[in-house]
Amino acid sequence: KTSFWHECSFYSLQPLSTLIYEREIQSLSAEIESLKNPQNLSPLPGLDELREENAKLKYRLNVLKRSLQEDPCDCSKSMLNINQRLQEVFGDAIRVSFPELHNPPLAVTPNQQAKFGDYQCNSAMAMAQMLKAKGAKVSPREIAEKIVQNLPDNEFIQKTEIAGPGFINVHLKKTFVSRLLTNLLMNGVQPPPLASRKKVVVDFSSPNIAKEMHVGHLRSTIIGDSMSRLFEFLGYDVLRLNHVGDWGTQFGMLIAHLQDKFPDYLTVSPPIGDLQAFYKESKKRFDEDEDFKKRAYRCVVRLQSKEPDFLRAWNMICDVSRREFQKVYDCLDIKLVERGESYYQDRMTRVVKEFEDRGLVELDEGRKIVFTPGQSLPLTVVKSDGGYTYDTSDLAAVHQRLFEENADIIIYVTDSGQGPHFQLVFAAAQMIGWYDPKVTRVEHAGFGVVLGEDKKKFKTRSGDTVRLMDLLEEGLKRSMDKLKEKERDKVLTPDELLKAQRAVAFGCIKYADLSHNRINDYIFSFDKMLDDRGNTAAYLLYAFTRIRSIARLANIDESTLRRAAETTEIVLDHEKEWKLGKCILRFPEILQKILEDLLLHTLCDYLYELATTFTEFYDSCYCVEKDRQTGEVLKINMWRMLLCEATATIMAKCFDILGINPVQRM
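Residues numbered from 1 in each chain as written. Predicted model: local features only at pLDDT ≥ 70, side-chain atom pairs only at ≥ 80, totals over all residues. Heavy atoms only, no water.

J.: Looking at this structure, how should I read the nonpolar core?
T.: Nonpolar side chains tend to gather and get buried jointly when the protein is soluble and globular. Formed by 171 residues in total, the largest nonpolar core has its most connected members in Phe 90, Phe 587, Leu 603 and Ile 650. Contacts of Phe 90, omitting those with residues within four sequence positions, involve Leu 106, Val 108, Cys 121, Ile 147, Leu 151, Ile 157, Ile 168 and Val 170. In terms of nonpolar packing, the next biggest core, distinct from the first, is built from 30 residues, Met 348, Ala 407, Ile 410 and Val 425 among them. (Core = buried A, V, L, I, M, F, W, Y, C linked by side-chain atoms within 4.5 Å. Buried < 20%, exposed > 50% of the residue type's maximum accessible area, 1.4 Å probe, protein only. Contact = heavy atoms within 4.5 Å.)

See below:
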C-alpha cells in the first residue's frame, strides 16, 4: 500500500491521466468493500486499526473522485493565487455579459468582514458609468446580476450574493480551501510557474571606497537584499550588483597620502586601521596644501593611465574598504557581486561615442551634454576637463546590463534624492533606443532617510554619521540584554542563546526598516524595534518559536505530520479555523502585489496579520487536549496541528524573503 500511495497519490499532484485515477478508484473501492466484510475482519486482532484505515481510504477515495470532477489545472505543486483565479472567472463573466465594453474594470479583493463572504467583486459600479457614457442606463445591481449569471463553472465558488448597490460577495468552498492547504503541506511553499525565466539585475548597497558605510547604505542593503530574495524565490535569474564608488579624483589624494605616510607600501602592506581617519587626513591636506593638491591630480592621471604601481596602491585602498564592508554583509547575511564604477571605465568611451554618432550630444562651455525629451535638465556625459561623470558611468552601467547581461528587469535601490538623476538616465537610454519600457522594466526603487528619535537626520551625539558596524554591535548588546531580562539565558544552551541574540538583533533592525513604506522616512529606535508587542520582529520571532513548539511538546515529529497531511482532511468548521486557512492561502496574492510595486512592507503587514490570526485560532481551538491535573496528553486534534504547521511554513518563507533567520528555540 505504501508504494501504491507514493506513486498514485493525488496530493503528490503529479499530472496523472483520468485512466489512472479511475483505476485507483476501482482499487480503493474494492479494498473498502473487503474491509466492510465482517468475515474478513472477525478473526483479526487489529480491528480498530483496520477501521481507521477504512476511514482514511474513504477520505482518499472522495479526494480522487473530486479531482476527476474539478479543474485539471489544479494538478500542480505550486500554491494557487485565489484572487487571480477569481479575477479570471469574473473577467470571463464580464466579457460575456458586456462585450461592448472595451477593457472593463476588474476589481476583486478579499472581504474585510466575514459576514460578507470571503472575496468581493466591485466592478459593477464603474461599469455602470462606462455604459452611461455610451448612452445605456443600467443600474450597478442589474450589471452585478448579469455577471453572476454568466460566471463559468468552477471548482472554488460555493455561492455568490449581491449586496448594496452592486457588490458581489463571494463565498469559497471549504473543501477547495482544505485541498489547497493539504497541497501546501505536501509540497511546501512552491511559487507559481513562470512563463519564462527572466533575468533580473538588482543594484543595491553601493558604498563608497575609503568611506564608512552609514544608515543610508543600511536601508539600500536591507531593501535590495529582500527584493532579490523575492525574485529568487519566484524563480527569476537574479544578479545582485554592488555598484561601489571605487573610481574618481578622490583616489589621487588617497594615493598621494599613502605614498607620504607609508613610503614602502609596495613591499610592506600598509597597516591602515581606520580608513575613515586616513580619508579625512588626506582631504585636509588636499584642501589646505596646494602642492599636495597638484600631486594628487597627477596621481589621478597616472591611475587612469593604469600604471602598475598606482593600480596596486588603488587596489590596497579598495581591499581595506572591502574587508570593512564584508563585516557588515556577514552580520546581515548579504550576498553581492561587486562591480564598481571602475568596471565601466572603458565602456564609458564607447557610450559617449554612440551618443555623438547619433547626433544627441551638445556642447555647453566645454562640457558635452545630452538633453532628453520632456526634461529641462541635461545629462553631462563629459566634463570640460575631459573627465567622465556619474551620468556617464550610470549610462554605461545600464547599457552593460541591457546588452551584456540581457536583463529583462533592472531595479536600482538608492535614496529617493537620486530619483531625478535616474529618470534622466532612463529617458536617455529610451531615447537612444536601448530599451522599450513596455518590454523591459527599468525602475528606481527609492527610499526615505533614516531619522533619529528627535526626528532629525540620524547622527551620533557629536553630529557625526553613525558607523554601521557600531550600530550592529549596539543591536547585539541590546538584544542580549532583552533576552536576559526575559531570563532566556536560564532555559537556553549557550549556543541557542547566541543564535537567538543574532536572530533578534539583526532581525529587528531589518524588520524595522522593511515594515515601513520604503518611500517614507523612518525613525530608528532600538526600544521600539526590540519591543515584543505589536508589529515587530521580536514579537513575530517569539510567535514563530511558540507555533513550532506546539508539535514538539505534543511529541509529534515531522514524519508524523507528513503522514497526517496525506491522510487527514483539514476541517475548517470553526470560524477561526476558516479565517486562518484563508489567511494562509493569501500568501501568493501578497507576493504578486509586491512584484508589481516593490513595496515590501506589504509582506510585513501580512506576516503580522497571519501571526495575530493564528493567536485567535489557538485561543479558540484546542490543538492538544491535556489532563489539567497531570498534564498528560488526552487527545490530539491532528487537523488543527496541520493548520499550525501550515502557518509556520508560510511564516518561515516570509522570514526568508525578508532576510530574517528565525530560530527553533528562543
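J.: Help me out: how do you make sense of the sheet that holds strand E8 (residues 362-364) in this one?
T.: Strand pairing within a sheet occurs via backbone hydrogen bonds; the two strands may be parallel or antiparallel. What the 3 strands build is an open sheet, ordered E8-E9-E10; its pairing is antiparallel. Two strands in the sheet have a free side with no partner beyond their single neighbour: E8 and strand E10 (379-382). Across this sheet, the average inter-strand angle for adjacent strands is 45°, counted without regard to direction. In the sheet, strand E9 (residues 367-370) pairs with E10 via 3 bridges, with the strands oriented antiparallel. In the strand pairing of E10, Lys 368 is matched with Val 382. (Pairing = 2+ DSSP bridges. Helix = DSSP H or I, 4+ residues; strand = E, 2+ residues; numbered from the N terminus. Axes fitted to C-alpha atoms, helices over the stretch in contact; angles between N-to-C directions.)

J.: Please explain the environment of Arg 546 as it appears in this structure.
T.: The residue Arg 546 is located in helix H20 (residues 537-553) in this model. Owing to a relative accessible area of 47%, Arg 546 belongs among the partly exposed residues under this scheme. Distance in space between the C-alpha atoms of Arg 546 and Gln 664 is 8.8 Å, their sequence separation being 118 residues.

J.: Explanation requested: empty space enclosed by the protein in the structure shown.
T.: Vacant regions in the atomic arrangement are exposed by a probe of water-molecule size rolled over the atoms. Applying the stated criterion across every chain, the model contains 4 cavities of 30 Å³ or more. Lining the largest cavity we find Ile 223, Asp 513, Leu 514, His 516, Asn 517, Arg 518, Leu 598, Leu 599, Leu 600 and His 601. In terms of residue class, the lining of the largest cavity is made up of 5 nonpolar, 3 polar and 2 charged. (1 Å grid on protein atoms, 1.4 Å probe; cavity = no way out; pocket = protein on both sides within 12 Å on 5 of 7 lines; lining within 4 Å. Points joined across faces, edges and corners; volume = space filled by probe spheres on them. Nonpolar A, V, L, I, M, F, W, Y, C, P; charged D, E, K, R; others polar.)

J.: Mind showing me how you'd approach the packing of helix H9 (residues 215-233) against helix H18 (residues 494-514) here?
T.: Axis angle and axis distance: for two packed helices, these are the angle between their axes and the distance between the axes, and together they describe the pair. Contact geometry of H9 with H18 gives a least axis separation of 10 Å together with a crossing angle of 85°. The angle between H9 and H18 falls in the class roughly perpendicular. On H18, the residues that touch Leu 218, Arg 219, Ile 222, Ile 223, Asp 225 and Ser 226 of H9 are Ile 509, Lys 510, Asp 513 and Leu 514. Among the residues making up the contact of H9 with H18, the classes are represented as 5 nonpolar, 1 polar and 4 charged. (Parallel < 35°, antiparallel > 145°, perpendicular 65-115°, else oblique.)

J.: Before we go on, may I ask you to explain unusual backbone geometry in this structure?
T.: Residue Ser 205 is not a glycine yet carries a positive backbone phi of 75°. Here Ser 205 is to be found in the loop between strand E5 (199-203) and H9. Classification of Ser 205 as buried rests on a relative accessible area of 3%. Despite not being glycine, Lys 455 has its phi angle at roughly 65°, a positive value. By the element assignment, Lys 455 lies in the loop between strand E13 (450-451) and helix H17 (468-485).

J.: Where do I start with the pattern of salt bridges in this structure?
T.: Should their charged atoms come close, side chains of opposite charge can pair. Enumeration according to the criterion identifies 47 salt bridges in this entry. The partner of Lys 368 in a salt bridge is Glu 356, and the shortest N-O contact between them spans 2.6 Å. Of this pair, Lys 368 sits in strand E9 while Glu 356 sits in helix H14 (residues 345-357); the two residues are 12 residues apart in sequence, bridging distant segments of the chain. For the salt bridge of Asp 597 with Lys 593, the shortest nitrogen-to-oxygen distance reads 2.8 Å. Linking Asp 597 with Lys 593, this pair stays in helix H23 (residues 587-597), spanning 4 residues, or about one helical turn. (Salt bridge = Lys/Arg side-chain N within 4 Å of Asp/Glu carboxyl O.)

J.: It is not clear to me how the sheet that holds strand E3 (residues 157-163) should be interpreted in this structure. Could you clarify?
T.: Strand order in the open sheet formed by 4 strands is E1-E2-E4-E3, with antiparallel pairing between adjacent strands. Bordering the open sheet on either side are strand E1 (108-110) and E3, each of which pairs with just one other strand. With direction set aside, neighbouring strand axes in the sheet form an average angle of 25°. Taken together, the 6 bridges between E3 and strand E4 (residues 167-172) define a ladder with antiparallel strand orientation. Within E4, the residue paired with Thr 160 across the bridge is Val 170. On top of the sheet, helix H5 (residues 82-97) reaches E1, strand E2 (119-121), E3 and E4; it is set at about 145° to E1, its chief contact.

J.: I keep staring at helix H15 (residues 390-403) and nothing clicks. Help me out?
T.: It helps to recall that an α-helix has 3.6 residues per turn; residues three or four apart then point in one direction. Given a rise of 1.5 Å per residue, 14 residues ought to cover 20 Å, and the 20 Å separating the end C-alpha atoms of H15 matches this to within 8%. Most of H15 sits inside the fold, with 11 of its 14 residues counted as buried. The set of residues buried in H15 consists of Asp 391, Thr 392, Ser 393, Asp 394, Leu 395, Ala 396, Ala 397, Val 398, Gln 400, Arg 401 and Leu 402. Capping of H15 at its N-terminal end is provided by Thr 389; its side-chain oxygen lies 3.1 Å from the backbone amide nitrogen of Asp 391. (Expected span 1.5 Å × (residues − 1). Polar contact = N/O pair within 3.5 Å; in protein donor to acceptor, adjacent residues only side chain to side chain.)

J.: Would you mind showing me how to read helix H6 (residues 123-133) here?
T.: Every buried residue belonging to H6 is among Ser 123, Ala 124, Met 127, Ala 128 and Leu 131, and all of these are buried. Projected onto a plane normal to the axis of H6, the buried residues spread over an arc of 135° and lie on a single side. Those residues of H6 that are exposed and aimed more than 90 degrees away from the buried face are Gln 129, Lys 132 and Ala 133. Elements that come into contact with the buried residues of H6 comprise H5, E2 and helix H7 (140-149). After H6 finishes, the residue Gly 135 shows a positive phi value of roughly 90°. (Arc of directions from axis to C-beta.)

J.: Mind showing me how you'd approach the side chain of Ser 206 here?
T.: Along the chain, Ser 206 falls in the loop between E5 and H9. Ser 206 has contacts with His 217, Asn 242, His 243 and Val 244, leaving out every residue within four places of it along the chain.

J.: How do you make sense of the environment of Val 202 when you look at a structure like this?
T.: Structurally, Val 202 is set in strand E5. When the C-alpha positions of Val 202 and Ile 410 are compared, they lie 6.0 Å apart, and in sequence the two are 208 residues distant. Among residues more than four places away in sequence, those in contact with Val 202 are Gly 224, Ser 228, Val 238, Leu 239, Arg 240, Leu 241, Ile 411 and Val 413.

J.: Hey, could you run me through the packing of aromatic side chains in this one?
T.: Inspection of every chain in the model, using the stated rule, returns 17 aromatic pairs. Relative to Tyr 236, the ring of Phe 231 has its centre 5.4 Å away and its plane inclined at 90°; by these criteria the two rings are edge-to-face. For the pair Phe 231 and Tyr 236, one class covers both residues: buried. Here a set of aromatic residues connected by ring pairs shows up, and it is made of Phe 233, Phe 587 and Tyr 606. Just above the ring of Trp 578 sits the side chain of Lys 174; from NZ or CZ to the centre is 5.6 Å. Over the aromatic face of Phe 286 sits the side chain of Lys 293, whose NZ or CZ is 5.3 Å from the ring centroid. (Phe/Tyr/Trp six-rings, centres within 6.5 Å; stacked < 30°, edge-to-face > 60°. Lys NZ or Arg CZ within 6 Å of the ring centre and 35° of its normal.)

J.: Looking at this model, I keep getting lost on the confidence of the model for the chain. Mind explaining?
T.: Detailed conclusions should not be drawn from predicted coordinates in areas where pLDDT is low. Of the residues in the chain, 89% have a pLDDT of 70 or more, and the chain-wide mean is 89. Note on residues 1-18: pLDDT is under 50 here. Beyond four places in sequence and across chains, it has 39 contacts. Ignoring residues within four places in sequence, the model shows residues 67-75, a span with pLDDT below 50, making 20 contacts including any to other chains. (pLDDT = per-residue confidence, 0-100.)

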